[in-house]
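Now for the letters of each chain:
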Amino acid sequence: MYPSEEIQLLLIAKMPFELINTKEDLFQWTALDYAFANRYEPSVKHLLTIGAVVDEDTLLQQISSNTGLLLLITGVHFYGTWLNSHEHYKMIANRLHIRSVEYLLNDRHLDVFSHHKELDSLTILEYCSEHNMIGLLIQLVSQSIMRERISTNIYGQMFQIASENNAHDIKTYLVDKNKTLLPRMINVALLITAIKSCISQNQMNPFKEIFHQLCLQRKIHIVDDTDIITNSHAAGDDRIPPLDKQYYPKICCVRSSDNEQLSLPQYDEKDILHEGYLIEALLATAVHEGNMQMVQYIVQKTNTAITNRLIVKVMRLLPKKYDVCHENSMDAFMYLLARTTDLDSIDDEGRNLLHVTAQNGCFFMLHCLIAKGFDPTIVNKRNGWNVFHYVAFNRDVDRTDKILEFLLVKCDMKWFHDLDRLVESDKDALNADTNRNTQSTKKLNKQQHALLAMYVIYSKRCLTDIMCDQEQQEAFQCIREVAQGIAKSDIIRGFR
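To keep things clear, this report deals only with the structure shown in the data block. (Residues numbered from 1 in each chain as written. Predicted model: local features only at pLDDT ≥ 70, side-chain atom pairs only at ≥ 80, totals over all residues. Heavy atoms only, no water.)

### Observations regarding the pattern of salt bridges
Piece 1. A complete count under the given rule lists twelve salt bridges for this structure.
Piece 2. For E275, the salt bridge is made with R218, and the minimal N-O distance between the two is 3.1 Å. Placement of the pair is E275 in the loop between α13 (204–217) and α14 (278–289) and R218 in the loop between α13 and α14, with a sequence separation of 57 residues.
Piece 3. Residue classification places R218 among the partly exposed positions, given a relative accessible area of 35%.
Piece 4. One network of salt bridges, in which partners are shared, links E56, D57, R95 and R99. (Salt bridge = Lys/Arg side-chain N within 4 Å of Asp/Glu carboxyl O. Helix = DSSP H or I, 4+ residues; strand = E, 2+ residues; numbered from the N terminus. Buried < 20%, exposed > 50% of the residue type's maximum accessible area, 1.4 Å probe, protein only.)

The structure is reproduced here in structure tokens:
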């Protein structure tokens, strides 16, 4: 029996689009209205993603039907958060917060300075500060009747509560409203998390204030803001060719650094202080968010020299999860590439920046580098590898598949020739190993080597589509022999 969550998502997925906004007879509600009322987040997000119409009046009616204050404000918070997760619905979220606050103050006659038992004996301002209810709090303190009554001490108390509960959105908003709170941010970890929150929320003014404070505390050399020029539309000197989403891998960044051979820090969600690479980590956060203004500000404010090594370090510090896509980072990538001082250099292993990116970087940076003029067929003179080799033996299978398809279709790179040479180079080692373990004098032919190589490069799903049953059976026989072998050739290492 399916769980209810799967049933609901299945029904929504099967619902014809023309019925998405159909209202039922009882309450005249749509599927989205019911999803909101049940506070069922997966259904709400799915319906919003496919473009369901939001009835603002119905949502407000649902919110105001809650007699308890806690249920009411948490309802406003959840509704606003889900709507804000889609750019198209942000204005509706803002209006919903405004109308909800007006209802609380005018219809419910709420005293925002009173302590409420159901709010853990906190005021509504304190409760919002504790639980990072930013949309609700902004509208509460923005009311004209409230602005005159909220003292510096109250702001300070709200800030203290937000700091103790890691409510970063509240902290940055309060600092922007009241600059006297900034000196209270003496904890470096709080400063860093607040800066990251500003980057993700695109809050430029508090970002500048808090970043300046952090640099003073960490004794990082900075320049005056009058010397800084930022432009949200300024990318690199070259335009990025459009790229079809069909070429996007599920995970755009390599998650393992086994083959990197560079002593560089990696992304660690638990690492807050970033000792020894703080500026690079904050720069990576801005690149990850695709926030061009903040990328430019960090680089210019700290007078950071852009080098290939810094670019590789930034790539290693980017978040790497299944739901992360750095499509929006390409303008920032191009900005860094246009300003690196050693774009055409090679490292101690003979790799250029494209080789390193193919081996352990981001798919979208690879696209940017090729747009900048890097040739994927250029060979590393130390090991004879080009981009094909660095990609083919990567452990992230989906990323490998997508890049090889991209190289073949969009870059006209006939990497089958590289595969053919790779098979030839492994042939003697594989045959020797096979004979040693099977005590057979029969050698594997070139076709069998090619089939084995395909198992290195393609996923099982793709192999089912491109190989017939006989070829798969022949490949399985090779696999059984290789599984017992000890040869260390490239194909065997890649397969194992």
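What follows continues from the structure just given.
### What about unusual backbone geometry?
Piece 1. Its identity as a non-glycine residue notwithstanding, S121 has a phi of 60°, on the positive side.
Piece 2. Following the sequence through the fold, S121 ends up in the loop between α6 (90–107) and α7 (124–130).
Piece 3. Of note, the phi angle at N166 is positive, near 55°, even though the residue is not glycine.
Piece 4. Among the secondary structure elements, N166 is positioned in the loop between α10 (152–164) and α11 (168–177).

### Quick notes on the side chain of H389
Piece 1. Within the secondary structure, H389 is located in helix α20 (residues 387–392).
Piece 2. Judged by its relative accessible area of 7%, H389 falls in the buried class.
Piece 3. Here the side chain of H389 touches N386 through a polar contact of 3.0 Å, landing on its backbone nitrogen. (Polar contact = N/O pair within 3.5 Å; in protein donor to acceptor, adjacent residues only side chain to side chain.)

### Remarks on the nonpolar core
Piece 1. Ranked by internal contacts, the top residues of the largest apolar core, which has 134 residues, are I73, L83 and F207.
Piece 2. Sorting elements by how many residues they give to this core places α14 first, with eight residues.
Piece 3. Non-local contacts of F207, meaning those with residues more than four positions away in its chain, are made with I195, C198, I199, M294, Y297 and I298. (Core = buried A, V, L, I, M, F, W, Y, C linked by side-chain atoms within 4.5 Å. Contact = heavy atoms within 4.5 Å.)

### So, the environment of E327
Piece 1. Considering the arrangement of structural elements, one finds E327 in the loop between α16 (308–316) and α17 (330–339).
Piece 2. In this structure, the C-alpha to C-alpha distance between E327 and Y248, residues 79 residues apart in sequence, is 8.7 Å.
Piece 3. Contact partners of E327, with chain neighbours within four places excluded, come to K245, Y248 and F364.
Piece 4. Within the local environment of E327, its side chain forms a polar contact with the side chain of Y248, the two groups lying 3.0 Å apart.

### Examining the packing of α10 against α11
Piece 1. Taken N-terminus to C-terminus, the directions of α10 and α11 make an angle of 155°; their axes are 9 Å apart at the nearest point. Judged by the inter-axis angle, α10 sits roughly antiparallel to α11. Of the two possible hands of crossing, α10 and α11 adopt the one that is left-handed. Facing α10, whose interface residues are Y155, M158, F159, A162 and S163, α11 presents I170, K171, L174, V175 and K177.
Piece 2. Of the residues belonging to the contact of α10 with α11, the class tally is seven nonpolar, one polar and two charged. (Axes fitted to C-alpha atoms, helices over the stretch in contact; angles between N-to-C directions. Parallel < 35°, antiparallel > 145°, perpendicular 65-115°, else oblique. Left-handed = near helix turned anticlockwise from the far one by under 90°. Nonpolar A, V, L, I, M, F, W, Y, C, P; charged D, E, K, R; others polar.)

### Digging into the packing of aromatic side chains
Piece 1. On inspection of all chains with the given rule, the structure shows 14 aromatic pairs.
Piece 2. An angle of 85° between the planes, with centres 4.9 Å apart, marks the rings of Y248 and F364 as edge-to-face. Placement of Y248 in the loop between α13 and α14 and of F364 in helix α19 (residues 363–371) is noted, with a sequence separation of 116 residues between them.
Piece 3. Here Y248 falls in the buried class, since its relative accessible area comes to 13%.
Piece 4. With relative accessibility at 0%, the residue F364 sits in the buried group.
Piece 5. When the centroid spacing of 5.1 Å and the interplanar angle of 80° are considered together, the rings of F363 and F364 count as edge-to-face.
Piece 6. Overall, the relative accessible area of 0% leaves F363 in the buried class.
Piece 7. Ring-pair connections join several aromatic residues into one group, and the members of that group are Y247, Y248, F363, F364 and F406. (Phe/Tyr/Trp six-rings, centres within 6.5 Å; stacked < 30°, edge-to-face > 60°.)

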